[in-house]
Number of protein chains: 2
Amino acid sequence: MPHNNYLYQTRDIKFQIKEWLDINKILSLDAYKDYYGADDFDAICDVNFKICRDVICPANKESDEIGMKHVGGNEKAVISPDVFKTVYNTVIEAGMGPQFGDRQVEGRMPLYWYAPILEMQTGASPAMVMLWCLTQGATTVLQYNLSKELQERFLPKMYSGEWGGSMCLTEPGAGSEVGAVSTKCFPTDTPGLWKVKGQKCFITTGDWDGVDNIIHLVLAKDPDAKPGTAGISCLVVPKFWVNEDGSMGAWNDVTTTGIEHKLGIHGSATCSLAFGENDNCYGWMIGDGPVDGRGQGMAQMFQMMNEERINTGIFSLGAFGAAYYAALEYSKARVQSKKSTDPKGPSVRIIEHEDVRRMLLLQKSVMEACRALLYSSYYYIDMSKEAATEEEREYAEDMFMIQNPLCKAYVSDMAWVMCAEAIQVHGGYGFMEEYAPASLARDCKIYTLWEGTNFIQSQDFTGRKFTMKKGEPFKKWLAEIGDFIANKKTPEFAAEFAMMEKAFAAFNSIIDMNAAWTTTNKQLKQLFATRIMHAAARVICGKLMLDQGLLAAGKLAELGDSHFDANFYKGKLASVKFYVMNVVPEIFGTEEAMKAADTSAIDCPEEAIM
Amino acid sequence: MPHNNYLYQTRDIKFQIKEWLDINKILSLDAYKDYYGADDFDAICDVNFKICRDVICPANKESDEIGMKHVGGNEKAVISPDVFKTVYNTVIEAGMGPQFGDRQVEGRMPLYWYAPILEMQTGASPAMVMLWCLTQGATTVLQYNLSKELQERFLPKMYSGEWGGSMCLTEPGAGSEVGAVSTKCFPTDTPGLWKVKGQKCFITTGDWDGVDNIIHLVLAKDPDAKPGTAGISCLVVPKFWVNEDGSMGAWNDVTTTGIEHKLGIHGSATCSLAFGENDNCYGWMIGDGPVDGRGQGMAQMFQMMNEERINTGIFSLGAFGAAYYAALEYSKARVQSKKSTDPKGPSVRIIEHEDVRRMLLLQKSVMEACRALLYSSYYYIDMSKEAATEEEREYAEDMFMIQNPLCKAYVSDMAWVMCAEAIQVHGGYGFMEEYAPASLARDCKIYTLWEGTNFIQSQDFTGRKFTMKKGEPFKKWLAEIGDFIANKKTPEFAAEFAMMEKAFAAFNSIIDMNAAWTTTNKQLKQLFATRIMHAAARVICGKLMLDQGLLAAGKLAELGDSHFDANFYKGKLASVKFYVMNVVPEIFGTEEAMKAADTSAIDCPEEAIM
């Protein structure tokens, strides 16, 4: 019996969304000001929580143990457990699904509220959340790039959840190297309409029986395409044809040839799809007109991909967050061994043991730090779309672009490590599938791999993001961290600010070494990209946590020790201190290794690696 | 389809056993000198390799996918796939199973040769190796503690594999806290014979249908037992009674009440056992006479436990080693993306990319470092039993005792991280069960938990092992590392020795802080025990790797660049440098965190952890 008991907590979520991030600023924007007050978030959060607890999470058992079955055929080739339809419909009816993809509708929720919703849903079932969130992603591409007429055909039923959506990039021979796609599209007599032929694999929710149709976004190359990614176009290829009036037509020659047998997220169908096996598959090229979309596929797909990357961070957080809450609950119930300070006394609950405390605070603080990184980045997305001035939008977009690879890669790397900590708190029971962390550990491993492996993120961060717009945004991002550390210190956090100062100096030395290697040894940049990404994440998370710490200290002083909410703030102070003093220092190991600049991994002849 | 294609390599195994460790010294001991030459190891290693490749590993698919089934009843309550019997019998017939438990038989193999044999077997199937290795462990307890007459009854059929053996410590309420066992034993009219009653859980290979009988070693307390571990006795409790002539008698009221549904090692039955549900279960107390064994259970069980701890390190190495070899093979075949140094060139095999090289060298170097730690520790066990003088035996025993918690905890912690690296090398395919690392990652998680959790190891290391015999052995161990670093440096490894000097200074500062906390804040010792254990492992592994590097550099100079074996030594030099310059430096993060001495995890009120 895998994870199916929802223990997620919302107090820190509400703190970060409402108290820490400037909710009033967002709610004063034109898009939101007539519709929402800050307290509306509580209601939405609580509804989502109840759906997670009462509907999604209990079904996670069947999601993991039964999962998706491939039965073949064109109609319903992938069968889900019956309970999936109930879960799916409940989420859709509550407005917690693909509706978030509609970025133009009047009365839409602030976008950054989607972060906790998705996080909590993933914490309920990492697999089932894939039933609706890819649809949401696909709609973001369509609404910004498709003609109004075609939007009308596809989007309403995607927002309503009647139809699903997918992103079809990967092929057996084209994973990290997207430019190598071999799927082809051929022009037809109808402008904008193309014939599609090719194989795709690893397509999440590429098919399932809970929706009537799936609208695939397919990367393909036309016969005259340029080589590499510059030649890629993106097509909308529905499984069943969609008529002009929006009604469903005949099967569009999209075949689900199989689904994968995976380490985790068994309840999510990872499909292999064949387009045009009978030479009868058609799709609309995405773009402004019949020709303009050619070669624009990567840029279009990245509108979805960028959000799927931060969403992957959110999934990672939800998965290891759920594991943490399970560990916390277990640690309060399990009695085992004497206290180190009272070895002759009675056996105590394991939460009283120092090493269990260490594991809990490690998980708690990393969870809150990752949440801070993710929510603040989602806030930047929101501002990049809705802020009043172009300057504000551009700044927010830049900051999001810099932080996004950290959101994806650092948080997903942490998920694997933190799930292991949650298992460890459970002792031998942690290895048993009856306890939540085992299945969550299996589930979370996908996040380091999809939407661009974590090395691709690290390369993007240390390459493109360091240098975009002549490096000005990155300099600004770095300066903001430095200014914070230099100017915000208080006596309560004197030791923590001192640690951050030292860590920031180490990070600057890391940045300098990386920059120097651009001329002296580019391969060293590649060798250290992953570690630089981790170092950066620790520094920015340290800053964000300290910022929360300052706020929490103030609130605690204001409320007093005996206030019912005082414990939350005390816990926050502990997380802040723990993160800065125990997690951030790992940067010093990276700095030393970078100074050593060892190239043995690339100097070694291939035949000597055995 | 989980891991079932054996790609393990033996070159480094042979290097470490024959070239690095002093094989001639071992083979000149009385126990071995008339029987073995150094080259015999090659033959034994190769036979074991073939069994692993041709018999064990192919069956790992059924081990993982079908696994063990609990059907109930007294006779054959746990059913294995048919192929298990073939695997088991092949291993036994080749002498690669419980025969190693016989430490007195003439012509026995050097004990430290068992390390690679077990490692390679685990690399073939982490689950199936449990079919025979617990029996071997149980026999070590029996042969040193049981009366000759009882040894005659049980041991021959355990060595021959007709009967299995198990260690029954854990109960639902007594895991890490062994002293809390509630299983009882009651005296009978027959001296030495006791009635047994109680429940045990998490008993590895506590039952299966490939053996006729299982000889359980059961921890229990008699009615007058002292509290805690001091009151624990150990009893031999066969599933079926064993008559004086060694023949099997009636069922001894040992019931397998269930097996666990686990994250991994599905082919290993983790049993719940009920002893004496019908008041008809009997066992012999282990000890010199009817009374002497009372309260000696922990000491006796630790003769097995100490070896099972190092064996757990060996299992961990075998599991992540197999994942590494799978990643290496994949990296040589998979073509994806251009070289960073030739971005307009052709797509290349991923082993040509720097970050893949980093991941491969990380796995390779950690594998070889762990192997060095484990084999050298096994060598100490061998010397502790067979060396000519009491002084040598005592020294070897001390060194083994110091290193053993590192063998268990460091290597098992590394297994989880290294399996993730192997998955990452595979990209999206790594998440698919068709590729080896997925199932190996699931399998390896047990190793951080059983035989004493990794915190128990860390506590043992920083507590008991630092101070045993007034701290003299630990001082000696530390001095040997310091002497090596100070006196062995060569120009080729100048940078690596400099890094080790710095790391050793950091480790000494860590040791000093830990010692100071003994009087100032004992709880800090607990909070940092796990990290100190890791720091120590990195320092000793750095030393051992550099020692191998010096040897390899000499061999390479001797053989010349074009010798067929030169690549192995070049690869060794790369591993040594990579480990020292990239893995060892993590100690500096630990040192900084210890200096910060943050106590937020224990200062935080329990209610504030939410």
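Just so we're clear, the structure is a prediction, and the values are computed from it rather than from any experiment. (Residues numbered from 1 in each chain as written. Chains lettered and ligands numbered in written order. Predicted model: local features only at pLDDT ≥ 70, side-chain atom pairs only at ≥ 80, totals over all residues. Heavy atoms only, no water.)

Here we look at the overall build of chain A
Right, on to step 1. Regarding its fold elements, chain A presents 18 helices and 14 strands.
Right, on to step 2. Reported as C-alpha extents along the three principal axes, the dimensions of chain A are approximately 80 × 60 × 55 Å.
Right, on to step 3. The long-range share in chain A, meaning contacts at least 24 apart out of those at least 6 apart in sequence, stands at 76%.
Right, on to step 4. Of the roughly 19,600 Å² of accessible surface on chain A, 52% is carried by carbon and sulfur atoms.
Right, on to step 5. Taken as two groups, the 60 positive and 79 negative side-chain charges of chain A have centres that lie 4 Å from each other. (Helix = DSSP H or I, 4+ residues; strand = E, 2+ residues; numbered from the N terminus. Contact = heavy atoms within 4.5 Å. Areas by Shrake-Rupley, 256 points an atom, 1.4 Å probe, with all protein chains shown as cover. Lys, Arg positive; Asp, Glu negative; His and termini not counted. Charge placed at Lys NZ, Arg CZ, Asp CG, Glu CD.)

What to know about the relation of the copies chain A and chain B
Right, on to step 1. Between the two copies, chain A and chain B, the superposition gives an RMSD of 0.0 Å; the rotation angle is 180 degrees and the shift along the axis is 0.0 Å. The relationship between the two copies is best expressed as a two-fold rotation axis. It is Gly589(A) whose C-alpha, among those of chain A, lies nearest the rotation axis, at 2.6 Å. (Least-squares fit on C-alpha atoms with pLDDT ≥ 70 in both.)

Some remarks on the UniProt feature "active site" in chain A
Right, on to step 1. The UniProt record annotates "active site" at Glu451(A).
Right, on to step 2. Excluding its chain neighbours within four sequence positions, the residues that come into contact with Glu451(A) are Met167(A), Met305(A), Glu308(A), Arg309(A), Thr312(A), Lys408(A) and Gln457(A). (UniProt positions renumbered as here; feature names shortened; annotations may be inferred.)

Examining the packing of aromatic side chains
Residue and element names in this part refer to chain A.
Right, on to step 1. Taken as a whole and judged by the stated rule, the model has 59 aromatic pairs over all chains.
Right, on to step 2. Summarising the aromatic geometry, the rings of phenylalanine 315 and tyrosine 447 are spaced 5.8 Å apart at their centres and angled 35 degrees between planes, so their arrangement reads as tilted. Here phenylalanine 315 is found in helix H8 (residues 297-333), whereas its partner tyrosine 447 is found in the loop between helix H11 (436-444) and helix H12 (454-467), with 132 residues between them in sequence.
Right, on to step 3. Under the relative-accessibility criterion, phenylalanine 315 is labelled buried at 1%. (Phe/Tyr/Trp six-rings, centres within 6.5 Å; stacked < 30°, edge-to-face > 60°. Buried < 20%, exposed > 50% of the residue type's maximum accessible area, 1.4 Å probe, protein only.)

Here we look at H8(A)
What sets the pattern is the α-helix's 3.6 residues per turn: residues three or four places apart point alike.
Residue and element names in this part refer to chain A.
Right, on to step 1. Here H8 contains 37 residues, and its C-alpha end-to-end distance of 53 Å stays within 8% of the 54 Å for a straight helix at 1.5 Å per residue.
Right, on to step 2. Most pronounced at glutamine 303, the bend in H8 amounts to some 35 degrees.
Right, on to step 3. The element H8 is largely enclosed, with a buried count of 31 among its 37 residues. (Expected span 1.5 Å × (residues − 1). Bend = angle between axes of the 7 residues up to and from the residue.)

Considering the pairing of strand E12 (residues 282-285) of chain A
The two faces of the sheet receive side chains in turn, since in a regular strand these alternate between them.
Residues and elements named next belong to chain A.
Right, on to step 1. Where strand E5 (residues 193-204) lies against E12, three bridges are found, and the strand directions are antiparallel. From the neighbouring strand, leucine 193 faces E12, where its bridge partner is tryptophan 284.
Right, on to step 2. Examined bridge by bridge, strand E7 (residues 232-238) and E12 share two bridges and lie antiparallel to one another. Bridge pairing in E12 places leucine 235 opposite methionine 285. (Pairing = 2+ DSSP bridges.)

Focus: the interface of chain A and chain B
Right, on to step 1. Taken together, the contacts link 92 residues of chain A with 92 residues of chain B.
Right, on to step 2. Interface of chain A and chain B: buried area, both sides summed, is about 8,300 Å²; carbon and sulfur atoms make up 62% of it.
Right, on to step 3. Looking at the side of chain A facing chain B, the largest losses of area belong to Phe431(A), Ile609(A) and Met610(A), adding up to 11% of the total buried there.
Right, on to step 4. Applying the counting criterion to the chain A and chain B interface returns six salt bridges.
Right, on to step 5. For Glu592(A), the salt bridge goes to Lys502(B), with nearest N and O atoms at 2.9 Å.
Right, on to step 6. Linking chain A with chain B are 47 residue pairs in polar contact (both at pLDDT 80 or more). (Buried area = accessible area lost by both parts, 1.4 Å probe. Salt bridge = Lys/Arg side-chain N within 4 Å of Asp/Glu carboxyl O. Polar contact = N/O pair within 3.5 Å; in protein donor to acceptor, adjacent residues only side chain to side chain.)

Describing the nonpolar core
Right, on to step 1. In terms of nonpolar packing, the biggest core is built from 458 residues, with Phe154(A), Phe320(A), Trp477(A), Phe154(B), Phe320(B) and Trp477(B) touching the most fellow members.
Right, on to step 2. Apart from the residues within four sequence positions on either side, Phe154(A) is in contact with Leu142(A), Leu146(A), Trp163(A), Ile215(A), Val236(A), Pro238(A), Val242(A) and Trp284(A). (Core = buried A, V, L, I, M, F, W, Y, C linked by side-chain atoms within 4.5 Å.)

A look at the pairing of strand E3 (residues 163-168) of chain B
Residue and element names in this part refer to chain B.
Right, on to step 1. Of all six residues making up E3, six are buried, and the element is well covered by its neighbours.
Right, on to step 2. Residue alternation in E3 divides its side chains into two sets, Trp163, Gly165 and Met167 and Gly164, Ser166 and Cys168, and both sets are buried.
Right, on to step 3. Looking at chain direction, E3 and strand E6 (residues 213-221) are connected through six bridges and run parallel. Bridging from a neighbouring strand, serine 166 pairs with histidine 216 of E6.

Description of the state of the cysteines
Right, on to step 1. For the structure shown, the criterion picks out zero disulfides over all chains.
Right, on to step 2. We note that Cys168(A) lacks a disulfide partner, and the nearest cysteine sulfur, in Cys234(A), lies 9.0 Å from it.
Right, on to step 3. Taking relative accessible area as the criterion, Cys168(A) reaches 0% and is therefore assigned buried.
Right, on to step 4. The thiol of Cys604(A) is unpaired, and the distance to the nearest cysteine sulfur, on Cys370(B), comes to 19 Å. (Disulfide = S-S within 2.5 Å.)

So, the packing of helix H1 (residues 11-20) of chain A against helix H15 (residues 522-559) of chain A
Residues and elements named next belong to chain A.
Right, on to step 1. At a minimum axis distance of 12 Å, the contact between H1 and H15 shows a crossing angle of 85 degrees. If you check the angle between H1 and H15, you find them roughly perpendicular. Seen from H1, the contacting residues are Phe15, Gln16, Glu19 and Trp20; seen from H15, they are Leu544, Asp547, Gln548, Leu551 and Lys555.
Right, on to step 2. Among the residues making up the contact of H1 with H15, the classes are represented as four nonpolar, two polar and three charged. (Axes fitted to C-alpha atoms, helices over the stretch in contact; angles between N-to-C directions. Parallel < 35°, antiparallel > 145°, perpendicular 65-115°, else oblique. Nonpolar A, V, L, I, M, F, W, Y, C, P; charged D, E, K, R; others polar.)

A look at the packing of helix H1 (residues 11-20) of chain B against helix H17 (residues 566-583) of chain B
Residues and elements named next belong to chain B.
Right, on to step 1. Between H1 and H17, the least distance of the axes is 11 Å, while the angle of their chain directions is 85 degrees. As the angle between them shows, H1 and H17 are arranged roughly perpendicular. Across the interface between the two elements, Arg11, Asp12, Phe15, Gln16 and Glu19 from H1 touch Phe568, Tyr569 and Lys572 from H17.
Right, on to step 2. A class-by-class count of the residues in the contact of H1 with H17 yields three nonpolar, one polar and four charged.

Looking at the side chain of Thr312(A)
Right, on to step 1. Along the chain, Thr312(A) falls in helix H8.
Right, on to step 2. Among the polar contacts made by the side chain of Thr312(A), one reaches the main-chain carbonyl oxygen of Glu308(A) at a distance of 2.8 Å.

Some words on the pattern of salt bridges
Oppositely charged side chains can form a pair if their charged atoms are brought close together.
All names here are of chain B.
Right, on to step 1. Going through the model one piece at a time under the given rule, you end up with 80 salt bridges over all chains.
Right, on to step 2. With a shortest N-O distance of 2.8 Å, aspartate 460 and lysine 465 are connected by a salt bridge.
Right, on to step 3. For aspartate 460, a relative accessible area of 5% corresponds to the buried category.
Right, on to step 4. On the basis of relative accessible area, lysine 465 is assigned to the buried category, the value being 5%.

Focus on H12(A)
All names here are of chain A.
Right, on to step 1. For H12, which comprises 14 residues, the first-to-last C-alpha distance of 19 Å matches the rise-based estimate of 20 Å (1.5 Å per residue) to within 8%.
Right, on to step 2. The sharpest bend along H12 measures roughly 35 degrees and falls at aspartate 460.
Right, on to step 3. Residues Asn454, Phe455, Gln457, Ser458, Asp460, Phe461, Thr462, Lys465 and Phe466 constitute the buried set of H12.

Some remarks on the side chain of Ser439(B)
Residues and elements named next belong to chain B.
Right, on to step 1. Here serine 439 is to be found in helix H12 (residues 436-444).
Right, on to step 2. Using a relative accessible area of 1% as the deciding quantity, one classes serine 439 as buried.
Right, on to step 3. Ignoring any residue separated from it by four or fewer positions in sequence, one finds serine 439 in contact with Pro2, His3, Asp64 and Glu433.

Some points on the environment of Gln16(A)
All names here are of chain A.
Right, on to step 1. Looking at where glutamine 16 falls in the secondary structure, it is placed in helix H1.
Right, on to step 2. For glutamine 16 and tyrosine 375, which are 359 residues apart along the polypeptide, the C-alpha to C-alpha distance reads 7.6 Å.
Right, on to step 3. Leave out the neighbours within four places in its chain, and glutamine 16 touches Leu21, Glu368, Arg371, Ala372, Tyr375, Gln548 and Lys572.
Right, on to step 4. Among the polar contacts listed, one links the side chain of glutamine 16 to the backbone nitrogen of alanine 372, at a separation of 3.1 Å.

What about unusual backbone geometry?
All names here are of chain B.
Right, on to step 1. Although it is not a glycine, phenylalanine 202 adopts a positive phi angle of roughly 60 degrees.
Right, on to step 2. Among the secondary structure elements, phenylalanine 202 is positioned in strand E5 (residues 193-204).
Right, on to step 3. The residue lysine 470 is not glycine, and still its phi comes out positive at about 60 degrees.
Right, on to step 4. Secondary-structure assignment places lysine 470 in the loop between helix H13 (454-467) and helix H14 (472-487).

Considerations on the confidence of the model for chain A
Right, on to step 1. Mean pLDDT for chain A: 96, with 99% of residues reaching 70 or above.
Right, on to step 2. Reported for the predicted complex are a pTM of 0.98 and an ipTM of 0.98. (pLDDT = per-residue confidence, 0-100.)

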